[in-house]
Amino acid sequence: NTPGLNVLAVAEFTLAMMTACTAGIFESIECVKDGSCWPQTVRPSVVDQSVGIIGMGNIGQEVAKVLREKGCRNLYYWSRHRKYDAELSLGLNYTSIQEMVEAVDCLFIHIAGCEDTYGLVDRAVLEKSKYNLSIFNMSSPRIICAESLKNHLRNKPEAFCFIDGYYNEGVDNIGALGDPYQLLTLPSRNLVVTSHLAGQKKDALRAMLLHAIAELKNSVDVVKNAR
């Protein structure tokens with residue numbers, strides 16, 4: 001467990017993906033390669049975006065801070081524990097998830113994945129969302145109900161979701177043809193999935209490794225002293 005050491009890396013990656021996806025970069029790559037068309041998507045400014053954040057821990061606060069510095073003033077959040085200090089310092093509006101998805105253009109998910117948060121974004125939430133809501137999930141994919149997400153993206157062709165990770169990962173992921181969740185067959189204008197890249201920044205990995213080594217060493221010392 002290496003808490004807090006990848007905060008800057010994940011925040012930086014989140015905002016980079018926000019820019020890349022709202023610009024239609026992944027769809028553009030596919031179209032250029034297959035020669036089907038030459039799309040030129042008009043990219044909205046960060047300042048003009050209304051943003052909601054689920055989870056206001058270290059990463060959520062860092063993302064909100066950068067957005068605020070860039071001029072974004074329409075910032076909303078929901079967290080299991082309300083953060084009054086963050087509301088004051090970052091100009092955040094606390095609201096429910098349902099009300100948030102009705103109002104925002106982009107939804108960032110930075111809440112810890114656990115039994116309490118799995119399925120937090122379900123059909124009831126997605127049905128209330130704006131028709132063109134863009135979701136960026138940098139937490140566990142299971143925060144979003146897979147079946148609900150599939151139906152949401154199929155029923156709202158202007159909607160989009162980016163997930164850094166997937167419901168079956170590593171050797172368990174065999175691609176679109178073997179995907180039991182039937183999400184990977186969706187076009188990149190609706191869904192983009194990456195292989196847990198957010199925290200893979202060199203300095204963050206180094207800090208995490210050194211921290212893990214120190215923790216292991218401390219554990220070994222405790223065992224030796226106990227003997």
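Every chain's residues receive numbers from 1 upward, in the order its sequence appears when written. Under the rules for a predicted model, residues below a pLDDT of 70 receive no local features and side-chain atom pairs below 80 are neither given nor counted, while totals for whole chains, interfaces and linings still include all residues. To get the side-chain values, take all heavy atoms of the structure and skip hydrogens and water.

### Observations concerning the overall build of the protein chain
Heads up, the condition is: In this text, helices come from DSSP runs of H or I with a minimum length of four residues, and strands from runs of E with a minimum of two, each type numbered from the N-terminal end. Based on C-alpha atoms, the radius of gyration is set beside the globule rule, defined as 2.2 Å times the residue count to the power 0.38. Burial status follows relative accessibility: with a 1.4 Å probe on protein chains alone, a residue under 20% of its type maximum counts as buried, one over 50% as exposed, and anything between as partly exposed.
Within the protein chain, the regular secondary structure consists of 8 helices and 7 strands. For 227 residues, the compact-globule formula gives about 17 Å, and the C-alpha radius of gyration of the protein chain, at 19 Å, lands near that figure. For the protein chain, the spread of C-alpha atoms along the principal axes amounts to about 70 × 45 × 30 Å. Out of the 227 residues belonging to the protein chain, those deemed buried represent 43%.

### Observations concerning helix α7 (residues 146–155)
Cut-off, in case you're wondering: Contact definition: two residues touch when any of their heavy atoms are within 4.5 Å.
Among the residues making up α7, those that are buried are Ala146, Ser148, Leu149, Lys150, His152 and Leu153. Tucked into the core, α7 has its buried residues touching α6 (123–128), β6 (160–164) and β7 (191–194).

### Considering the sheet that holds β6
Short version of the rule: Strands are labelled as partners when DSSP assigns at least two bridges between them. For helices, the fitted axis covers only the stretch in contact; all axes are lines through C-alpha atoms, and the angles between them, taken along N-to-C directions, range from 0 to 180 degrees.
Spatial strand order, β3-β2-β1-β4-β5-β6-β7: 7 strands in an open sheet with parallel pairing. On the outer flanks of this sheet lie β3 (93–94) and β7, each paired with one strand and no other. Pairing of β6 with β7 involves 4 bridges; the strand directions are parallel. Paired with Cys161 across the strands is Leu191, a residue of β7. Here helix α1 (residues 7–22) sits on the sheet and contacts β1 (51–54), β4 (106–109), β5 (134–137), β6 and β7; the angle it forms with β6, its principal contact strand, is near 145 degrees. On the sheet, helix α3 (residues 58–70) packs against β1, β2 (75–78) and β4 and is oriented at approximately 165 degrees with respect to β1.

### Some remarks on the environment of Phe136
Structurally, Phe136 can be placed in strand β5. Looking at Phe136, the relative accessible area reads 0%, which means it is buried. With 122 residues separating them along the chain, Phe136 and Thr14 place their C-alpha atoms 7.4 Å apart. Discounting chain neighbours no more than four positions away, the residues touching Phe136 are Met17, Met18, Cys21, Cys106, Leu107, Phe108, Ile109, Phe160 and Phe162.

### Quick look at the nonpolar core
Condition: To qualify as a nonpolar core, a set must consist of buried Ala, Val, Leu, Ile, Met, Phe, Trp, Tyr and Cys residues joined through side-chain atoms within 4.5 Å.
The biggest cluster of nonpolar side chains holds 31 residues, and the ones touching the most others in it are Val51, Leu67, Phe108, Phe136 and Phe162. Contributions of two or more residues to this core are made by α1, β1, α3, β2, α4 (84–90), β4 and β6. If one sorts the elements of this core by residue count, α1 sits on top with 9 residues. Of all hydrophobic cores here, the second largest spans 28 residues; its members include Leu107, Val125, Leu133 and Tyr166.

### Concerning the packing of aromatic side chains
In plain terms, the rule: Only the six-membered ring of Trp is used, alongside the rings of Phe and Tyr, when aromatic pairs are assigned; centres must lie within 6.5 Å, and planes under 30 degrees apart are stacked while those over 60 apart are edge-to-face, with the rest tilted.
Scanning the model with the defined rule gives 8 aromatic pairs in all. Considering the side-chain rings of Phe136 and Phe160, the 6.0 Å spacing of their centres and the 55 degrees angle between planes classify their relative orientation as tilted. In this pair, Phe136 sits in strand β5 while Phe160 sits in strand β6, placing the two residues 24 residues apart along the sequence. The exposure classification of Phe136 matches that of Phe160, with both residues buried. Measuring from centroid to centroid gives 6.4 Å for Phe136 and Phe162, while their planes differ by 35 degrees, and the two rings are tilted. Of this pair, Phe136 sits in strand β5 while Phe162 sits in strand β6, placing them 26 residues apart in sequence. Assessed through its relative accessible area of 0%, Phe162 is described here as buried.

### As for the environment of Glu69
Position of Glu69 among the secondary structure elements: in helix α3. Judged by relative accessible area, Glu69 falls into the exposed class, the value being 59%.

### Here's the deal with the pairing of β4
So the rule is basically this: Handedness rule for crossovers: strands pointing away from the viewer, path from the first strand over the helix to the second running clockwise, crossover right-handed.
Every second residue of β4 is oriented toward a common face, with Cys106 and Phe108 on one face and Leu107 and Ile109 on the other, all of them buried. With 4 bridges joining them, β1 and β4 adopt parallel strand pairing. Paired with Val51 across the bridge in β4 is Cys106. With 4 bridges joining them, β4 and β5 adopt parallel strand pairing. Residue pairing in the sheet places Cys106 in a bridge with Ser134 of β5. Chirality of the crossover, the property in question, places the unit of β4, α6 and β5 among those that are right-handed.

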